[in-house]
Amino acid sequence: MKNLKTVALSVLMSSFIFTSCEKKVVVQNPNENISATSTTELTTPSAAPSKATQNIPPKIKTFLEENYPGIAISKFEITTRLSKTQYEVKLNNGVEVEFDKDANLTEIKDYNGVPNVLIPAKIKEYVDKNYKDIKIKSLEKESDKNKIKVELLTDVDLEFDQEGNFLRVNL
């Protein structure tokens, strides 16, 4: 009887978790012509703003225009889980960028190196001094842990506090 209650509770909790998650994906790919489904909108670029572009918050559009001008968006995704909204953008050049509900940058991955203007000054200074001529591949701000994780193009993982002070190398 106890096992039956445990199983029933587990099933109930699982169904709650999965039903409280909403995910909307908007894909913009000029090379494919696929019909839209209920969770995905596919559009092709045109002179008028596409649905994909219209769904992107203005702050994110500005970020992309300033840091990646002329690079087309290949995927835009909005994920909502338990009142936590996240925006994910993938560009045609392979760059992946994530934003929080207020459209603040939380993570960026760029295999050509994260643009210097997006790297906090103290972190940039530390990397330049200790890893000369090695670019930062990804930067992730973990506000709940008050940490910033940095991965270099050489796959070295570094950890900093929110003020940019070096904490450790993660192996």
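Quick note: structure is the one above.
Residues numbered from 1 in each chain as written. Predicted model: local features only at pLDDT ≥ 70, side-chain atom pairs only at ≥ 80, totals over all residues. Heavy atoms only, no water.

Draft legend 1. Focus on helix α3 (residues 58–67). Those residues of α3 not exposed but buried are Ile60, Phe63, Leu64 and Asn67. The buried residues of α3 occupy an angular sector of 95 degrees when the element is viewed end-on, so they sit on one face. Seen from the buried face of α3, the exposed residues on the opposite side, beyond 90 degrees, are Pro58, Glu65 and Glu66. The secondary structure elements touched by the buried residues of α3 are β3 (73–81), β4 (84–91), β5 (96–99) and β6 (105–109). (Buried < 20%, exposed > 50% of the residue type's maximum accessible area, 1.4 Å probe, protein only. Helix = DSSP H or I, 4+ residues; strand = E, 2+ residues; numbered from the N terminus. Arc of directions from axis to C-beta. Contact = heavy atoms within 4.5 Å.)

Draft legend 2. Region of interest: the pattern of salt bridges. For the structure shown, the criterion picks out 9 salt bridges. Here Asp155 ties to Lys137 by a salt bridge, and the two come within 2.8 Å at their closest N and O atoms. Placement of Asp155 in the loop between β8 (147–152) and β9 (157–161) and of Lys137 in strand β7 (residues 136–142) is noted, with a sequence separation of 18 residues between them. By sharing partners, the salt bridges in this structure join Lys137, Glu151 and Asp155 into a single network. (Salt bridge = Lys/Arg side-chain N within 4 Å of Asp/Glu carboxyl O.)

Draft legend 3. Geometry of the side chain of Lys137. Residue Lys137 is classed as buried on the basis of its relative accessible area, which comes to 10%. Those residues in contact with Lys137, other than ones at most four positions away along the chain, are Ile108, Lys109, Asp110, Tyr111, Val114, Glu151, Leu152, Leu153 and Asp155.

Draft legend 4. Geometry of the packing of aromatic side chains. One pass over the full model with this rule turns up 6 aromatic pairs. Relative to Tyr131, the ring of Tyr126 has its centre 6.5 Å away and its plane inclined at 50 degrees; by these criteria the two rings are tilted. Residue classification places Tyr131 among the buried residues on the basis of a relative accessible area of 18%. Considering the side-chain rings of Phe160 and Phe166, the 5.8 Å spacing of their centres and the 75 degrees angle between planes classify their relative orientation as edge-to-face. Assessed through its relative accessible area of 32%, Phe166 is described here as partly exposed. Ring pairing ties together the aromatic residues Tyr126, Tyr131, Phe160 and Phe166, which thus form one cluster. (Phe/Tyr/Trp six-rings, centres within 6.5 Å; stacked < 30°, edge-to-face > 60°.)

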